Amino acid sequence: MSSVLYDVPGPKARRVSLIGSVVGSLLILGLLAWIISTLAQQGIFEGRRWAIFTRADVWTLLGNGIGATLSAAAVAAVIAFPLGLLLCLLRISDLAAIRVPTRIVLEFLRGMPVVLMMFFVLLVFGTNQFIAVVAGLVLYNAAVFAEIIRAGIQSLPKGQREAGLTIGLTSFQSRMIIELPQAVRRMMPSLVAQLVVLLKDTSLGYIVAYGELLRAVQVMADFLGTQFLFPVFFVAAAIYIAINICVSRIAVWIERRGSKKAAGGVAKAEPEPIEAEVA
């Protein structure tokens, strides 16, 4: 069976690919072995360095950092996504007086570093660190969400909008009822990826003295000493990875659930076949 994009590899190509895979795997294993050996020589794997995680105060500090990270990420996501929808609708408006200024605002927000926006809110408005972190995350990610959703709408067939206008819907109703649900479903992987970025960007709150996970880890490392630096940051990285995996799995579950509901609705809408009567 031939492929549409490329020819099926022959015996020689498969052999070269197998050799390349084996060599690459050996190089990766060698690199990992060298890293582990180097860390072992530095005493990283000594039990006394990891014994700190048996202390309750260490996990209390980590728990406070995780709570602060999740709080900032959750509040920012809840605000940024609806704001991104609104900015997307303004960005694709039929009126140039609305569309052009919105485009300028979006380009400005996407081009500004998140840390600068956090500092601006903190210093100019005199807010606390939590509000500054959330505001910076909301402004940046709302602009990114708007562009992602706009790309999803533009990827839809033009017949979708034309069909909505044909049955009597207004331009706004067509956007909200027909186009936006399809665009969000189509761009779900990109939206999930941006949510993960939002979660990781909470670590920038360390610069404005917000007590998120990274700052809690840094305070812990400074208090315990540099010999515990690697174990503490290793555990923090594992926590970040675990949280991001959970966010991705939840988003996949929501996407599959929505797809099943949509498929069920289509199946119910199909007319039942009419059996021919036998004379």
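Structure: see above.
Residue numbering note: each chain is counted from 1, following its sequence as written. Note on the predicted model: pLDDT of at least 70 is required for a residue's local features to be given, and 80 or more for side-chain atom pairs to be given and counted; whole-chain, interface and lining totals, by contrast, use all residues. As a rule here, side-chain values cover all heavy atoms of the structure and leave hydrogens and water aside.

1. Overview of the packing of helix α8 (residues 171-186) against helix α9 (residues 188-201)
In helix packing, the relevant descriptors are the interaxial angle and the interaxial distance, both defined with respect to the helix axes. Remark: α8 packs on α9, axes separated minimally by 5 Å, with the N-to-C direction vectors making an angle of 65 degrees. Of the residues in α9, those touching α8 at Val184, Arg185 and Arg186 are Met188, Pro189 and Leu191. Axis lines are fitted to C-alpha atoms, over the contacting stretch for helices. Their N-to-C directions set the angle, which ranges from 0 to 180 degrees. Numbering of helices and strands runs from the N terminus; a helix is a DSSP stretch of H or I covering at least four residues, while a strand is a stretch of E covering at least two. By the convention used here, residues are in contact when the closest approach between their heavy atoms is within 4.5 Å.

2. Thoughts on unusual backbone geometry
Phi is positive for Ala209, close to 65 degrees, though the residue is something other than glycine. Considering the arrangement of structural elements, one finds Ala209 in the loop between α9 and α10 (213-224). Classification of Ala209 as partly exposed rests on a relative accessible area of 37%. With a 1.4 Å probe rolled over the protein chains alone, any residue whose accessible area is under 20% of its type maximum counts as buried; one over 50% counts as exposed, and the rest are partly exposed.

3. Description of α8
In this analysis the local bend is the angle between axes fitted, respectively, to the seven residues ending at and the seven residues starting at the residue. Along its length, α8 reaches its greatest deviation from straightness, about 45 degrees, at Glu179, and the proline Pro181 lies no more than four positions downstream. Among the residues of α8, those classed as buried are Ser174, Arg175, Ile178, Glu179, Leu180 and Ala183. The inward-facing, buried residues of α8 contact α3 (56-91), α6 (129-154) and α7 (158-166).

4. A word on the packing of aromatic side chains
Only centres within 6.5 Å qualify two rings of Phe, Tyr or Trp (six-membered ring in Trp) as a pair; their planes then separate them into stacked at under 30 degrees, edge-to-face at over 60, and tilted for everything else. Under the definition given, this model contains eight aromatic pairs. Each ring, one from Phe120 and one from Phe125, has its centre 5.9 Å from the other, and the planes form 80 degrees; the classification is edge-to-face. A relative accessible area of 48% places Phe120 in the partly exposed class. Taken together, the aromatic side chains of Trp50, Phe53, Trp59, Phe230 and Phe234 make up a single cluster linked through ring pairs.

5. Concerning the nonpolar core
What tends to happen in soluble globular proteins is that the nonpolar side chains get buried as a cluster. Core analysis: the biggest nonpolar cluster contains 32 residues, and Phe53, Leu62, Val133 and Val232 have the highest contact counts within it. Listed by contribution, the elements that provide at least two residues to this core are α3, α5 (114-124), α6, α9, α10 and α11 (229-269). Contacts of Phe53, omitting those with residues within four sequence positions, involve Val58, Trp59, Leu62, Pro231, Val232 and Val235. Joining through side-chain atoms within 4.5 Å is the link that ties buried Ala, Val, Leu, Ile, Met, Phe, Trp, Tyr and Cys residues into a set, and such a set is a nonpolar core. In this structure, Leu89, Leu109, Ile149 and Met187 belong to the second largest nonpolar core, which totals 20 residues.

6. Focus: the environment of Gly152
By secondary structure assignment, the location of Gly152 is in helix α6. Residue class for Gly152 comes out buried when judged on its relative accessible area of 0%. Distance from Gly152 to Ala183, taken between C-alpha atoms, is 4.4 Å for residues 31 residues apart in sequence. Gly152 has contacts with Ala183 and Met187, leaving out every residue within four places of it along the chain.

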